[in-house]
Amino acid sequence: MHNKARKYKINDFLLRLPVPLYREAVKIIPGVLGVSTNTFHNYRNILISDFQDIPHEKVILFEKLFELKEGELINKELKCKTLTELLQQEG
């Protein structure tokens, strides 16, 4: 499972930390997110092909923790036409 692509870049950021800081981070982050340690580890292991997602509010918290811009936590590009484009197609 370690070689499969993850949906979110959580592990990328955590694994860059020195071991003592990594250990401290994995203890602190669940409390900041307001989730159990198990849920936090589940978030870390969501694969790109999985339908499961992290709740939006938690994604925002991760992005703030890792000092990312909005939308940078996800490992895949999401494409979607704007609502205006879709409405124009219908018209």
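Residues numbered from 1 in each chain as written. Predicted model: local features only at pLDDT ≥ 70, side-chain atom pairs only at ≥ 80, totals over all residues. Heavy atoms only, no water.

## Some thoughts on the packing of helix α2 (residues 19–33) against helix α4 (residues 56–65)
Piece 1. Running from N to C, α2 and α4 point in directions that differ by 135°, and their axes come no closer than 10 Å. Comparing their axes, α4 and α2 come out oblique. For the element pair α2 and α4, the recorded crossing hand is right-handed. In this structure, α2 contributes I29, V32 and L33 to the contact, and α4 contributes K58, L61, F62 and L65.
Piece 2. Among the residues making up the contact of α2 with α4, the classes are represented as 6 nonpolar, no polar and 1 charged. (Axes fitted to C-alpha atoms, helices over the stretch in contact; angles between N-to-C directions. Helix = DSSP H or I, 4+ residues; strand = E, 2+ residues; numbered from the N terminus. Parallel < 35°, antiparallel > 145°, perpendicular 65-115°, else oblique. Left-handed = near helix turned anticlockwise from the far one by under 90°. Contact = heavy atoms within 4.5 Å. Nonpolar A, V, L, I, M, F, W, Y, C, P; charged D, E, K, R; others polar.)

## Brief notes about the side chain of N11
Piece 1. Residue position: N11 is located in helix α1 (residues 10–14).
Piece 2. Among the polar contacts listed, one links the side chain of N11 to the side chain of R44, at a separation of 2.5 Å.
Piece 3. Residue contacts for N11: discarding those within four places in its chain leaves R6, R44 and N45. (Polar contact = N/O pair within 3.5 Å; in protein donor to acceptor, adjacent residues only side chain to side chain.)

## Regarding the pattern of salt bridges
Piece 1. All told, the structure shown has 1 salt bridge when counted by the stated rule.
Piece 2. The residue K7 makes a salt bridge to D53 at a minimum N-O spacing of 3.1 Å. Of this pair, K7 sits in the segment before α1 while D53 sits in the loop between α3 (37–44) and α4, and the two are 46 residues apart along the sequence. (Salt bridge = Lys/Arg side-chain N within 4 Å of Asp/Glu carboxyl O.)

## A short note on the packing of aromatic side chains
Piece 1. Here the structure, examined in full by the defined rule, presents 4 aromatic pairs.
Piece 2. Here F13 and F66 contribute two aromatic rings whose centre-to-centre distance is 5.1 Å and whose plane-to-plane angle is 10°, an arrangement assigned as stacked. Within this pair, whereas F13 is found in helix α1, its partner F66 is found in the loop between α4 and α5 (83–90), the two being separated by 53 residues in sequence. Like F66, F13 is buried.
Piece 3. Look at F40 and F62: their rings are 6.3 Å apart centre to centre, the planes differ by 25°, and that puts the pair in the stacked class. Remark: F62 occurs in helix α4 and F40 occurs in helix α3; sequence separation between them is 22 residues.
Piece 4. Given a relative accessible area of 0%, F40 falls into the buried group.
Piece 5. According to the relative accessible area criterion, F62 is buried, its value standing at 0%.
Piece 6. An aromatic cluster of three or more residues is present, and its members are F13, F40, Y43, F62 and F66. (Phe/Tyr/Trp six-rings, centres within 6.5 Å; stacked < 30°, edge-to-face > 60°. Buried < 20%, exposed > 50% of the residue type's maximum accessible area, 1.4 Å probe, protein only.)

## As for α2
Piece 1. Here α2 contains 15 residues, and its C-alpha end-to-end distance of 21 Å stays within 8% of the 21 Å for a straight helix at 1.5 Å per residue.
Piece 2. The principal kink in α2, of about 25°, is found at V26, preceding the proline P30 by one to four residues.
Piece 3. When α2 is considered as a whole, its buried residues turn out to be A25, V26, I29, P30 and L33.
Piece 4. Where α2 is buried, its residues contact α1, α3 and α4. (Expected span 1.5 Å × (residues − 1). Bend = angle between axes of the 7 residues up to and from the residue.)

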